[in-house]
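Inside the fold
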Amino acid sequence: MAAPKVAVVGAGVAGLSAALCVADAFPACSLAVLAERFTPSTTSDVAAGMLIPHTAPDTPIHVQKQWFKETFTHLFAISNSAEASEAGIHLVSGWRIFKSTPKEELPFWSDVVLGFRTMSESELQKFPQHRYGQAFTTLKCDCPPYLLWMEKRLKAKGVQMFTRKVANLWELHNEYDIVVNCTGIGAHQLVGDQELFPVRGQVLKVHAPWVKNFVQDGDGLTYIYPGISNVTLGGTREKEVWSLSPDPSTTKDIFDRCCSLEPSLQAAQEVKVRVGLRPSRASVRLQREVWSQGGAKLLVVHNYGHGSGGFSMHWGTAKEVARLVGECIAALQDSSSRAKL
């Protein structure tokens, strides 16, 4: 049979990483990325890009750990290479602090990040309102450079990029054999997934180059994440809120909360406000389907619903996409050989 034609729909971190894993695993494929928006206009561009996982309620912990470990290993290798600066990836140390000792003192990812330990009493003096903390080193992605870096790698592999709004995956069945759906919150409308809902996140990007350590309040709502070019201050988790308009009172609240943890932020300059909709569901949707209509078939692989954990697990889920695409290719070859008999 001819080389399978594969389309990845979506150009955020899930889509581009899935396309890279498929391109690496099946170099003979004809591969394209279709998206209505590319960086710097994707939801991923708003994300802080910190590798601190959030637990997905209906995904087994060992699976989440595997995805995180694969992602951490992949990004750590980039951070340790000459391409780290261009890819926007670096190591950052800091603290996760709690008002009281959490039930889970050792999160499932504690042995994946570097140097995880309980904070000392003297360290906790920096945060007088908090009674317990965890110190560790993890990875931070500056999202727009990372997405651009992945696009560059895809183009070098001959992958085509098309700006295109896909209203229905079925419209692609005449052009492609396999479609990988990485549309994030767009899957709510595109495939009618009623289990998918937005969790609105508003963040501030500020210029405060003296801030070198990350701080995350234990509830995950207030955080300070220093990147290469700016510091991300957060945040909000507003379920079922679809508005992308920044709210000025929320901006003030985020800034005040972050200043209470790091008073030097009062001198931060150039506050930019960004809003994104996290594509949330009880578990990441990672599965393959066969769509058929009037004798025609389309093989579909879904990869969306990462919620707050997109950057923390994107490479692990992308590797799973490549495995599922491999199953689709095998099915195509099987039906092709049967047709010849």
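Calculation criteria
Residues numbered from 1 in each chain as written. Predicted model: local features only at pLDDT ≥ 70, side-chain atom pairs only at ≥ 80, totals over all residues. Heavy atoms only, no water. Helix = DSSP H or I, 4+ residues; strand = E, 2+ residues; numbered from the N terminus. Rg over C-alpha atoms; globule rule 2.2 N^0.38 Å. Contact = heavy atoms within 4.5 Å. Areas by Shrake-Rupley, 256 points an atom, 1.4 Å probe, with all protein chains shown as cover. Lys, Arg positive; Asp, Glu negative; His and termini not counted. Charge placed at Lys NZ, Arg CZ, Asp CG, Glu CD. UniProt positions renumbered as here; feature names shortened; annotations may be inferred. Buried < 20%, exposed > 50% of the residue type's maximum accessible area, 1.4 Å probe, protein only. Pairing = 2+ DSSP bridges. Polar contact = N/O pair within 3.5 Å; in protein donor to acceptor, adjacent residues only side chain to side chain. Salt bridge = Lys/Arg side-chain N within 4 Å of Asp/Glu carboxyl O. Phe/Tyr/Trp six-rings, centres within 6.5 Å; stacked < 30°, edge-to-face > 60°. Axes fitted to C-alpha atoms, helices over the stretch in contact; angles between N-to-C directions. Parallel < 35°, antiparallel > 145°, perpendicular 65-115°, else oblique. Left-handed = near helix turned anticlockwise from the far one by under 90°.

1. So, the overall build of the chain
When you go through the chain residue by residue, the secondary structure sums to 8 helices and 14 strands. The C-alpha atoms of the chain give a radius of gyration of 21 Å, which matches the 20 Å a tight globule of 341 residues would have. If you line up the chain on its principal axes, its C-alpha atoms span 75 × 40 × 40 Å. Restricting to contacts in the chain with at least 6 residues of sequence separation, those with at least 24 account for 76%. A total of about 15400 Å² of accessible surface is found on the chain, and carbon and sulfur atoms cover 52% of it. Averaging the coordinates of the 35 positive side-chain charges in the chain and doing the same for the 32 negative ones gives two points 2 Å apart.

2. Comments concerning the UniProt feature "binding site: FAD" (unreviewed entry) in the chain
The positions UniProt marks with the feature "binding site: FAD" (unreviewed entry) are Thr43, Ser44, Val166 and Thr183. One can find valine 166 in the loop between β6 (160-163) and β7 (178-181). In contact with valine 166, other than residues within four places in its own chain, are Val9, Leu34, Glu171, Leu172 and Leu190. Leaving out residues up to four positions away in the same chain, threonine 183 has contacts with Val9 and Leu190.

3. A short note on the pairing of strand β9 (residues 214-217)
The alternating pattern of β9 places Phe214 and Gln216 on one face and Val215 and Asp217 on the opposite face, and all of these are buried. Of the strand pairs in this sheet, strand β3 (residues 89-98) and β9 are connected by 4 bridges, and their pairing is parallel. Within the sheet, the bridge partner assigned to isoleucine 97 lies in β9 and is aspartate 217. By the bridge criterion, 2 bridges tie β9 to strand β10 (residues 223-226) in an arrangement that is antiparallel. Pairing of glutamine 216 across the sheet is with tyrosine 223, part of β10.

4. Section: the side chain of arginine 281
Looking at the element boundaries, arginine 281 is found in strand β13 (residues 269-293). The class of arginine 281 is buried, set by a relative accessible area of 13%. Looking at arginine 281, its side chain comes within polar contact range of the side chain of aspartate 193, at 3.2 Å. At a separation of 2.7 Å, a polar atom in the side chain of arginine 281 contacts the main-chain carbonyl oxygen of serine 283. Once you skip the residues sitting within four places of it in the chain, arginine 281 turns out to touch Asp193, Glu195, Leu196, Phe197, Tyr304 and Gly305.

5. A short note on the pattern of salt bridges
Going through the model one piece at a time under the given rule, you end up with 19 salt bridges. Here glutamate 70 ties to lysine 319 by a salt bridge, and the two come within 4.0 Å at their closest N and O atoms. Here glutamate 70 is found in helix α2 (residues 61-79), whereas its partner lysine 319 is found in helix α8 (residues 310-340), with 249 residues between them in sequence. Judged by relative accessible area, lysine 319 falls into the partly exposed class, the value being 40%. A salt bridge links arginine 288 to glutamate 327, with the shortest nitrogen-to-oxygen separation between them at 2.6 Å. Taken together, the residues arginine 288 in strand β13 and glutamate 327 in helix α8 connect sequence positions 39 residues apart.

6. Details of the side chain of glutamine 64
Inspection of the secondary structure assignment puts glutamine 64 in helix α2. Those residues in contact with glutamine 64, other than ones at most four positions away along the chain, are His54, Thr55, Ala56, Thr59 and Phe108.

7. What to know about the packing of aromatic side chains
In total, this model carries 11 aromatic pairs according to the counting rule given. Taken together, a centroid distance of 4.6 Å and an interplanar angle of 15° make the contact between tyrosine 223 and tyrosine 225 stacked. Both residues of the pair, tyrosine 223 and tyrosine 225, count as buried. One aromatic cluster is present, formed by Trp109, Phe116, Phe136 and Phe214 through successive ring pairs.

8. Side note on the packing of helix α1 (residues 13-25) against helix α5 (residues 143-156)
At their nearest, the axes of α1 and α5 sit 10 Å apart, and the two run at 30° to each other. When the axes of α1 and α5 are compared, the pair comes out roughly parallel. Considering how the two elements wind past one another, α1 and α5 form a crossing that is left-handed. Of α5, the residues touching α1 (which contributes Val13, Leu16, Ser17, Ala19 and Leu20) are Tyr146, Leu147, Met150, Glu151, Arg153 and Leu154.

9. Looking at the environment of isoleucine 97
Among the secondary structure elements, isoleucine 97 is positioned in strand β3. The spacing of isoleucine 97 and alanine 32 is 65 residues in sequence and 43 Å in space, taken between C-alpha atoms. When residues no more than four places from it in sequence are discounted, the contact partners of isoleucine 97 are Met119, Phe127, His130, Tyr132, Gly133, Val215, Gln216, Asp217, Gly218 and Leu261.

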